[in-house]
Amino acid sequence: MKYIIITGGVMSGLGKGITAASVGRILKNRGYCVTAVKIDPYLNIDAGTMNPAQHGEVFVLKDGGEVDLDLGNYERFLDIELTSPHNITTGKVYRSVIEKERRGDFLGETVQIIPHITDRIKSCIREAAEEEVPGGRKADVCLVEVGGTVGDIESMPFLEAIRQMRAEMPEHDYVLIHVTLIPEDTMGDLKTKPTQHSIKALRELGLYADIIVGRSERPIGAHTKRKISAFCDLPPSNVISAATAPDIYAVPMELEKEGLADVLTTHLDLGKREVDTSWYRIVTKEYTNRVTVGIVSKYGIEDVYISIKEALKHAGRALSTEVKIIWLDAERYEKCQLKDFDGILIPGGFGKRGIEGKIDAIRFARENKVPFLGLCLGFQLATVEYSRNVLNIPDATSEEMGEGTHVIAILPEQEDVTNLGGTMRLGDYTSEIREGTLAMKLYGLNEITERHRHRYEVNPRFIKKLEDAGLVFSAVNRNRMEILEIPGHPFFFATQFHPEFRSRPTRPSPPYLGFVDACRINKKTP
Ligand code: GLN
C-alpha cells in the first residue's frame with residue numbers, strides 16, 4: 001500500500017480536496033486502484049448534525065455515513081464507493097479511545113494523546129486504506145487528506161500520526177504533497193512568502209513536503225518555482241503550478257501537464273504505465289446546447305448542493321448540453337422568474353422555512369408542463385402540492401412542518417428517536433420499479449439501489465387517494481414510496497432518495513439524464 005498524504009498551507013478553501021482527487025485520478029488513469037481517506041479535525045463524530053450553510057453539503061455514503069463533501073469528490077473522480085471509516089474525525093478517534101479506557105482495556109496505563117490517540121489515528125487510516133475494494137482485493141494507493149491548515153491546534157495529533165507513519169514504512173511507499181496558496185500582490189507579482197512560512201510550520205512538526213502544489217489565479221512561472229524550490233529544499237520539478245481551472249474535472253489534466261505524474265510515480269517507485277485517456281475525452285466533450293435550470297432553495301450558497309450541481313453537469317456533458325443554474329431564494333423569488341427556466345429543480349432540505357415558495361414553484365412546473373425534478377424534500381413537497389391542489393386537501397403538509405393534514409409523516413421506526421445524529425433513514429436501500437413507467441424507461445431495471453437521508457415519507461393512508469387522482473408512485477420499497485411521476489407531463493419526476501450521490505462524470509444518474517434531456521427538448525430560453 002502506497003500512501004499519498006495531502007496537507008494544506010496558508011488558508012483553507014484552496015481546493016485541497018479537488019487536488020487530492022485529481023492526483024488519485026492521474027494514478028487511476030494509469031491502471032492503479034486508488035482509495036481515499038479524509039481527516040476532519042473537528043470534534044463532531046460526523047458531518048450529519050452540521051449546518052450545511054457553514055460547512056457545505058453533507059455527503060451520504062452507501063453505508064449511511066454522513067460525511068464531508070470531499071468524499072463526494074473522491075467518489076466522483078475515482079469512480080469508487082467509500083464507507084464511513086474513510087472519514088476520520090477527532091470525535092470518532094477520541095470516542096473509541098475513551099470507550100476502550102472505560103472498558104479497562106488500557107490495563108492501568110495513563111491514556112495520552114501520544115501514543116494512544118496517535119496510535120488510534122494510524123490504525124484508523126490503515127484500516128480504511130486496506131478495506132477491500134470490489135473484486136476482493138486491496139487498493140494500490142491511498143490518498144490521505146488532512147483537513148484544515150498546518151498549524152491549527154486541532155490537527156496536531158493527526159499530523160503527529162502522519163509523521164510517525166513515514167518512519168514506519170519504506171521510503172517509496174510514502175509521499176507528502178503540500179497544497180498552498182501563491183497569492184498575487186497589487187503589482188501582479190506572485191508571492192512565495194506565505195508558502196515559505198507554511199513549509200516552516202510543517203518542518204517544526206517534523207514533516208517534509210516532497211511535492212508542493214501552488215494554487216494561484218494564474219500559472220506559476222519558472223522564476224517563482226525556482227524561488228520556492230530554493231527556499232523549501234525541493235527540485236523545481238517538484239513544485240507544481242495549479243492555477244484555477246475553468247472546470248474541476250480538468251484539474252487532473254492540468255496537473256499532468258505540469259509533470260506531476262512523473263514526479264509522483266518516480267517518488268513512489270510505480271514505474272511507467274500506459275495512460276487511459278477516456279476520462280479526458282469525457283470531461284472535455286464540447287457543448288452544442290444550453291439549458292437553464294432554476295433551483296429553488298433556502299440556502300444561498302452552492303456548496304450546500306455540490307452533488308446536485310455536479311450531477312447536472314455529468315448529465316449535461318453526456319447530452320452535450322451545458323446546464324446553467326440559477327439559484328432562487330425560496331422566500332424571496334418573484335413568480336415571474338419561473339418563466340425563464342427550461343426546468344425547475346427542488347432539492348432536499350430540512351425545516352419549515354421557504355417551503356411555501358418551493359410548493360408554488362412545483363405547482364407552476366406541474367401546471368405549465370415545465371420539466372421538474374424533486375429530490376427528497378422536493379419529492380415530499382411534490383406530494384404535498386398534489387394533495388393540496390389536485391386532491392383538494394388545502395391544509396396538506398408534512399409532519400415536519402407542524403399542524404395540518406400529514407400526507408408526509410414520520411417513519412414508524414423514527415418515532416422515538418431522541419438523538420438527532422445518525423438516526424435518519426440513511427444510505428443504500430433498494431426499491432422495485434413498476435413496469436411501463438418513466439422510472440423504468442430511465443433506469444431500464446426492475447430494481448434499483450440509491451442513497452437516502454430522510455426521516456419522513458409518504459403517509460400510507462394517502463397513497464391510494466393520490467394514485468386515484470393520477471399521481472404514479474413508480475418505485476416502492478414495500479410500503480415506502482420512492483419515486484413519483486405524473487403521466488402526460490413532459491417530465492414530472494421526484495425521488496425520495498438522492499440520486500446525485502451516485503452520479504459520476506463517467507456514469508451520469510438516470511433521473512438527471514432524463515431531466516436534462518427533457519429540459520433540452522422543451523427548451524424555451526435562448
Ligand atoms: N426533511 C425531510 C426529511 O427528513 C427531507 C430530508 C431531505 O431532503 N434530505 O424527511
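I will try to describe carefully the structure that is included in this document.

Cut-offs and rules
Residues numbered from 1 in each chain as written. Predicted model: local features only at pLDDT ≥ 70, side-chain atom pairs only at ≥ 80, totals over all residues. Heavy atoms only, no water. Helix = DSSP H or I, 4+ residues; strand = E, 2+ residues; numbered from the N terminus. Rg over C-alpha atoms; globule rule 2.2 N^0.38 Å. Buried < 20%, exposed > 50% of the residue type's maximum accessible area, 1.4 Å probe, protein only. Contact = heavy atoms within 4.5 Å. Lys, Arg positive; Asp, Glu negative; His and termini not counted. Charge placed at Lys NZ, Arg CZ, Asp CG, Glu CD. Near = heavy atom within 4 Å. Polar contact = N/O pair within 3.5 Å; in protein donor to acceptor, adjacent residues only side chain to side chain. Areas by Shrake-Rupley, 256 points an atom, 1.4 Å probe, with all protein chains shown as cover. Axes fitted to C-alpha atoms, helices over the stretch in contact; angles between N-to-C directions. Parallel < 35°, antiparallel > 145°, perpendicular 65-115°, else oblique. Left-handed = near helix turned anticlockwise from the far one by under 90°. Nonpolar A, V, L, I, M, F, W, Y, C, P; charged D, E, K, R; others polar. Pairing = 2+ DSSP bridges. Right-handed = clockwise from strand over helix to strand, strands pointing away. Salt bridge = Lys/Arg side-chain N within 4 Å of Asp/Glu carboxyl O. Phe/Tyr/Trp six-rings, centres within 6.5 Å; stacked < 30°, edge-to-face > 60°. Lys NZ or Arg CZ within 6 Å of the ring centre and 35° of its normal.

### Brief notes about the overall build of the protein chain
Along its length, the protein chain carries 17 helices and 21 strands. What you see for the protein chain is a C-alpha radius of gyration of 25 Å, in line with the 24 Å of a compact globule of 526 residues. Along the longest, intermediate and shortest principal axes, the C-alpha atoms of the protein chain span 70 × 60 × 45 Å. Each of the 526 residues in the protein chain was classed as buried or not, and the buried ones make up 57%. Long-range contacts, defined here as pairs at least 24 residues apart, represent 74% of the contacts in the protein chain between residues at least 6 apart. Charged side chains of the protein chain number 67 positive and 75 negative; the gap between the two group centres comes to 3 Å.

### Considerations on the site of the ligand
Lining the immediate surroundings of the ligand are Gly348, Gly349, Phe350, Cys376, Leu377, Gln380, Glu400, Arg453, His454, Arg455, Tyr456 and His498. Measuring from a nitrogen atom of the ligand, one finds a side-chain N or O atom of Glu400 at 2.7 Å. For the ligand, a nitrogen atom lies 3.3 Å from a polar atom in the side chain of His498. About the coverage of the ligand: the protein hides 98% of its 300 Å² of free accessible area. Within the residue set of the shell around the ligand, elements represented by two or more residues are helix H14 (377–389) and strand E17 (447–454).

### Here we look at the packing of helix H13 (residues 355–367) against H14
At a closest axis distance of 9 Å, the pairing of H13 and H14 adopts a crossing angle of 70°. Considering the angle they form, H13 stands roughly perpendicular to H14. Crossing angle aside, the handedness with which H13 passes H14 is right-handed. Here H13 contributes Ile355, Glu356, Lys358, Ile359, Ile362, Arg363 and Arg366 to the contact with H14, which in turn contributes Leu377, Gly378, Leu381, Ala382, Val384, Glu385, Tyr386, Arg388 and Asn389. In terms of residue class, the contact of H13 with H14 is built from 8 nonpolar, 2 polar and 6 charged.

### So, the pairing of strand E2 (residues 34–40)
Most of E2 sits inside the fold, with 7 of its 7 residues counted as buried. Taking every second residue as pointing to the same face, both faces of E2 are buried, with Val34, Ala36, Lys38 and Asp40 on one and Thr35, Val37 and Ile39 on the other. Bridge analysis of E2 against strand E6 (residues 141–146) gives 6 bridges, and the strand direction is parallel. Bridge pairing links Val37 to Val144 in E6.

### Focus: the sheet that holds strand E14 (residues 396–398)
Across the sheet, which stays open at both edges, the 3 strands sit in the order E14-E15-E18 with mixed pairing between neighbours. Every interior strand has two partners, whereas the edge strands, E14 and strand E18 (456–458), have only one. For this sheet, the mean inter-axis angle between neighbouring strands, taken without regard to orientation, is 35°. Examined bridge by bridge, strand E15 (residues 405–410) and E18 share 3 bridges and lie antiparallel to one another.

### So, the sheet that holds strand E8 (residues 211–216)
Judged by pairing direction, the sheet is parallel, and its 7 strands sit side by side in the order E5-E2-E6-E1-E7-E8-E9 without closing on themselves. Whereas interior strands pair on both sides, the edge strands pair on one side only; in this sheet they are strand E5 (87–89) and strand E9 (239–243). The average undirected angle you get between the axes of adjacent strands in this sheet is 20°. With 5 bridges connecting them, E8 and E9 associate as parallel partners.

### Focus on the pairing of strand E13 (residues 372–375)
Going residue by residue along E13, you find Phe372 and Gly374 tucked away on one face and Leu373 and Leu375 tucked away on the opposite face as well. After leaving strand E12 (residues 343–346), the chain enters H13 and then returns to the sheet as E13, a path that is right-handed. Inspection of the sheet shows E13 paired to strand E21 (residues 492–495) by 4 bridges, in the parallel sense. Paired with Phe372 across the two strands is Phe492, which belongs to E21.

### Topic: the packing of helix H4 (residues 90–103) against helix H5 (residues 113–129)
Between H4 and H5, the least distance of the axes is 9 Å, while the angle of their chain directions is 120°. For H4 against H5, the interelement crossing comes out right-handed. Here Val93, Tyr94, Ser96 and Val97 of H4 lie close against H5, whose contacting residues are Ile113, His116, Ile117, Arg120 and Ile121. Residues belonging to the contact of H4 with H5 are distributed by class as follows: 6 nonpolar, 2 polar and 1 charged.

### Overview of the pattern of salt bridges
Tallying each qualifying case throughout the model produces 43 salt bridges. Measuring nitrogen to oxygen at the nearest pair gives 3.1 Å for the salt bridge that ties Lys38 to Asp40. Taken individually, Lys38 and Asp40 each receive the classification buried, so the pair is uniform in this respect. For Lys313, the salt bridge identified is with Glu310, shortest N-O distance 3.3 Å. Here Lys313 and its partner Glu310 are both found in helix H12 (residues 306–318), 3 residues apart, which amounts to about one turn of the helix. In this structure Lys313 comes out as partly exposed when scored by relative accessible area, which is 23%. Residues joined by salt bridges that share partners form a network here, namely Glu75, Asp79, Glu81, Arg451, Arg502, Arg504 and Arg507.

### Some details on unusual backbone geometry
A negative phi holds for most residues other than glycine; trans holds for most peptide bonds. A cis amide bond, omega 10°, links Ile114 with the succeeding residue Pro115. With respect to the element layout, Pro115 can be found in helix H5. Here the phi dihedral of Ser320 falls at roughly 55°; this positive angle occurs in a residue that is not glycine. With respect to the secondary-structure elements, Ser320 resides in the loop between H12 and strand E11 (321–329).

### Quick word on the packing of aromatic side chains
A complete count under the given rule lists 8 aromatic pairs for this structure. Between Phe59 and Phe501, the aromatic rings sit 4.9 Å apart at their centres with planes inclined by 75°, giving edge-to-face as the arrangement. Pair noted here: Phe59 is in strand E3 (residues 59–60) and Phe501 is in the loop between E21 and helix H17 (510–521), with a separation of 442 residues, a long-range link. Exposure remark for Phe59: the relative accessible area of 0% places this residue in the buried category. With a relative accessible area of 5%, Phe501 lands in the buried category. When the ring of Phe491 is compared with that of Phe515, the centres are 6.1 Å apart and the planes differ by 45°; the resulting orientation is tilted. Taken as a pair, Phe491 in the loop between strand E20 (480–485) and E21 and Phe515 in helix H17 lie far apart in primary sequence, 24 residues in all. Taking relative accessible area as the criterion, Phe515 reaches 0% and is therefore assigned buried. An aromatic cluster of three or more residues is present, and its members are Phe77, Tyr249 and Trp279. The ring of Tyr32 has Arg273 lying over it, and the distance from NZ or CZ to the ring centre is 3.9 Å. Arg425 extends its terminal NZ or CZ atom over the ring of Tyr429, reaching a point 4.2 Å from the ring centre.

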